[in-house]
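Inside the fold
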Amino acid sequence: MVVASPTPIRSEKIQAIELPIIDLSLANNNNKRSELQNRIVRACEEFGFFKVINHGVSQETIAKMEQESLSFFAKPVPEKQLSGPANPFGYGCKNIGFNGDTGEVEYLLLNTHPLSIAQRSKTISNDPIKFSSAVSGYIEAVREVACELLDLMAEGLQVPQTSVFSSLIRDVDSDSILRLNYYPPMPILCKDNDTSPSSNYTTRVGFGEHSDPQILTLLRSNDVGGLQISLDDGVWVPVSPDPTAFCVNVGDVLQAMTNGRFVSVRHRALTNSDQSRMSMAYFAAPPLNAKITALPEMVSTIKPSLYRTFTWADYKKAAYSLRLGDSRIDLFRKQGEEVA
């Protein structure tokens, strides 16, 4: 999921991309709902990313989650380490994953089940009840947004069972997770003390190149840039930050279920030289035993099924056994199919 990148990223003045904006308040407008579905489908096909406004998650819910997150990351290192190491849940710093991948990031990885949150909160916060309440409230709110988006996707794809995606994350055994990432300010690095514009490095990799293996990701961050997505020509393009919106992206599982129609796009996060960045990512995932296969409506004689059937447990195991930036979905392509 992450490529280790010890080398700083050279300064490149590339204009930030403006992702499609999805106004979720239009979902309740019968005259606009069809147009909204089509807009979401196009965004998933063309970008694999979009932004959601008027999402219904209250500012109070977001503020409580942000406050608890920032309070944790502001603790002295020995106190934060009491919540780690992340195996897989808990606190981690710089070491990402199991294969030696690194980044300039601190993180807290949480299971989304309330009992797990309540138990882990005891080592995370001096007020575990307050922390647990904030996390559970946030997860419940963003899960509803994810489910609504997934239902709109199914409708837009003209799938008869419109809950085919959302039912996987509503399942009591859903393997969804919440990841809190904190990127401290990192000074600009210059090669051999050369401060000429051609030699300057603007920043370092906070979280390296990866695609998300789950179904859907809902990302909330502060008003600090850092997120970049990889376009078809391999150019990394920054995404302009927007603290009023959720940034949503397609995961590998959704790509497989739509038979490649929706694209799970590689992305990364860079650090900033003078500002810290914090993001909160909800990764919507199916139960471990859920069978993942292309929907019948996505398969035809012209476009046969690209991927063999697998369980989320199979895919998760494969994903974390590789170098985290390596391609995983291609492991499950049917033999003889050309890799896209």
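Because the structure is predicted, anything quoted here is derived from the model rather than measured.

**Description of the environment of Ser273**
You can see Ser273 is positioned in the loop between β13 (267-270) and β14 (277-284). Looking at Ser273, the relative accessible area reads 33%, which means it is partly exposed. For the pair Ser273 and Pro184, spaced 89 residues apart in the sequence, the C-alpha separation amounts to 8.7 Å.

**Some thoughts on the sheet that holds strand β6 (residues 177-183)**
One open sheet accounts for eight strands, arranged β2-β3-β12-β9-β14-β6-β5-β4; its pairing is mixed. Looking along the sheet, the strands with just one partner apiece sit at the ends: β2 (21-23) and β4 (90-96). Strand after strand, the sheet turns through a mean of 25° between neighbouring axes, direction not considered. When β2 meets strand β3 (residues 49-53), the two strands line up parallel, connected through three bridges. Residue pairing across strands places Asp23 opposite Ile53, the latter belonging to β3. Contacts between helix α5 (residues 128-156) and the sheet are confined to β3, β5 (101-111), β6, β9 (216-221), β12 (246-250) and β14, with β9 contributing the most and set at about 130° to the helix.

**Observations regarding the environment of Ser276**
By the element assignment, Ser276 lies in the loop between β13 and β14. It is 4.5 Å that separates the C-alpha atoms of Ser276 and Pro184, two residues lying 92 residues apart in sequence. Apart from the residues within four sequence positions on either side, Ser276 is in contact with Tyr182, Tyr183, Pro184, Pro185, Asn222 and Val224.

**Let's talk about the side chain of Gln37**
Mapping Gln37 onto the fold places it in helix α1 (residues 33-46). Gln37 has contacts with Leu152, Glu155 and Gly156, leaving out every residue within four places of it along the chain.

**A few points about the sheet that holds β13**
Taken in spatial order, the four strands line up as β8-β13-β10-β11 in an open sheet, and their pairing is antiparallel. Edge strands, defined here as strands with exactly one partner in the open sheet, are β8 (205-210) and β11 (236-238). For this sheet, the mean inter-axis angle between neighbouring strands, taken without regard to orientation, is 25°. As paired strands, strand β10 (residues 227-230) and β13 are joined by three bridges and run antiparallel to one another. When the bridges of β13 are listed, Leu227 appears paired with Ala269.

**Quick look at the packing of aromatic side chains**
This structure, assessed with the given rule, holds seven aromatic pairs. Taking 5.2 Å as the distance between ring centres and 55° as the angle between the ring planes, the aromatic pair formed by Tyr315 and Phe332 counts as tilted. Of this pair, Tyr315 sits in helix α8 (residues 312-321) while Phe332 sits in the segment after α8, and the two are 17 residues apart along the sequence. Phe332 carries the same exposure label as Tyr315, and that label is buried. Of note, Arg179 hangs over the ring of Tyr107, and the distance from its end group to the ring centre comes to 4.0 Å.

About the criteria used
- Residues numbered from 1 in each chain as written.
- Predicted model: local features only at pLDDT ≥ 70, side-chain atom pairs only at ≥ 80, totals over all residues.
- Heavy atoms only, no water.
- Helix = DSSP H or I, 4+ residues; strand = E, 2+ residues; numbered from the N terminus.
- Buried < 20%, exposed > 50% of the residue type's maximum accessible area, 1.4 Å probe, protein only.
- Pairing = 2+ DSSP bridges.
- Axes fitted to C-alpha atoms, helices over the stretch in contact; angles between N-to-C directions.
- Contact = heavy atoms within 4.5 Å.
- Phe/Tyr/Trp six-rings, centres within 6.5 Å; stacked < 30°, edge-to-face > 60°.
- Lys NZ or Arg CZ within 6 Å of the ring centre and 35° of its normal.

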